[in-house]
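# A look at the structure
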Amino acid sequence: MFKIAVLISGNGSNLEALIDACKKNVINGSIDIVISNNPDAYGIQRAKNHSINYKIIDNNRFETREDFDKALVEELNDSNPDLIVLAGFMRILTSVMTEAFRNKIINIHPSLLPKYKGLNTHYKAIKNKDIYSGATVHIVNEKLDSGKIILQKKVKILKSDSGTTLEKKILKIEHQIYPKAIIRLLTSD
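### Overview of the nonpolar core
Within the largest apolar cluster, 37 residues are counted, with the highest numbers of intra-cluster contacts made by I4, V6, I31, V85, I106, Y178 and I182. The element best represented in this core is helix α6 (residues 163-187), accounting for eight residues. Those residues in contact with V85, other than ones at most four positions away along the chain, are I4, A5, V6, L7, L18, I106, Y178 and I182.

### Considering the pairing of strand β4 (residues 83-86)
Put simply, side chains in a regular strand alternate between the two faces of the sheet. Side-chain alternation along β4 places L83 and V85 on one buried face and I84 and L86 on a second face that is also buried. In this structure, strand β1 (residues 2-8) lies alongside β4, joined through four bridges in parallel fashion. Looking across to β4, one finds that L7 is bridged to L86. The pairing of β4 with strand β5 (residues 105-109) spans three bridges and is parallel. Across the sheet, the residue bridging to V85 is I106, located in β5. The parallel pair β4 and β5 is bridged by helix α4 (residues 95-100), and the resulting crossover is right-handed.

### As for the packing of aromatic side chains
What describes a pair of aromatic rings is the distance from one ring centre to the other and the angle between the planes of the rings. Inspection of every chain in the model, using the stated rule, returns two aromatic pairs. Note on F62 and F68: the rings are 5.8 Å apart at their centroids and 70° apart in plane angle, and the pair reads as edge-to-face. Given the relative accessible area of 29%, F62 is considered partly exposed. Of the aromatic side chains, those joined through ring pairs into one cluster are F62, F68 and F89. Positioned over the ring face of Y132 is K156, at 5.6 Å from the centre of the ring.

What counts and what doesn't
Residues numbered from 1 in each chain as written. Predicted model: local features only at pLDDT ≥ 70, side-chain atom pairs only at ≥ 80, totals over all residues. Heavy atoms only, no water. Core = buried A, V, L, I, M, F, W, Y, C linked by side-chain atoms within 4.5 Å. Buried < 20%, exposed > 50% of the residue type's maximum accessible area, 1.4 Å probe, protein only. Helix = DSSP H or I, 4+ residues; strand = E, 2+ residues; numbered from the N terminus. Contact = heavy atoms within 4.5 Å. Pairing = 2+ DSSP bridges. Right-handed = clockwise from strand over helix to strand, strands pointing away. Phe/Tyr/Trp six-rings, centres within 6.5 Å; stacked < 30°, edge-to-face > 60°. Lys NZ or Arg CZ within 6 Å of the ring centre and 35° of its normal.

Keep in mind these values describe shape, not function.
The structure is reproduced here in structure tokens:
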């Protein structure tokens with residue numbers, strides 16, 4: 001059984017989808033720790049609801065991004081996960097993290113990468129009159145939203161879509177493809 005660490009900053013709906021996938025044995029693994037950089041993240045309550053070990057490492061208590069990442073590395077080394085999953089983790093990782101866990105960190109991004117890296121992806125897709133948007137699961141490296149793509153799924157953008165409605169459609173897709181991408185990664189040779 002694979003050990004998974006999940007890093008969050010907010011609501012944790014992708015965390016909940018991953019918890020469900022583990023409980024239903026869709027993913028042959030368990031979430032052993034949830035780490036949040038935000039002490040007020042609702043995802044912490046989700047971890048508590050499922051009796052999952054959690055840790056708050058508030059990035060505001062560190063002078064540099066590298067110092068924060070060193071604290072993450074230390075905590076993750078203690079739990080020794082097979083995979084580190086970013087699920088709405090709103091921090092750009094430094095090489096301190098990416099070098100410590102090369103090819104073991106994945107992220108889900110709400111666009112069809114390489115389009116629209118960073119924030120406000122839904123609004124960018126609508127503004128540019130794109131026909132499709134979607135979600136991408138990728139390996140995390142030193143460059144923002146630039147690692148090897150593991151899985152993508154697209155949705156049609158309707159003329160009636162706003163940034164908010166598109167965000168909701170893509171979040172549903174995220175909940176579907178994140179477990180599939182994790183299975184693909186953990187069972188590949």
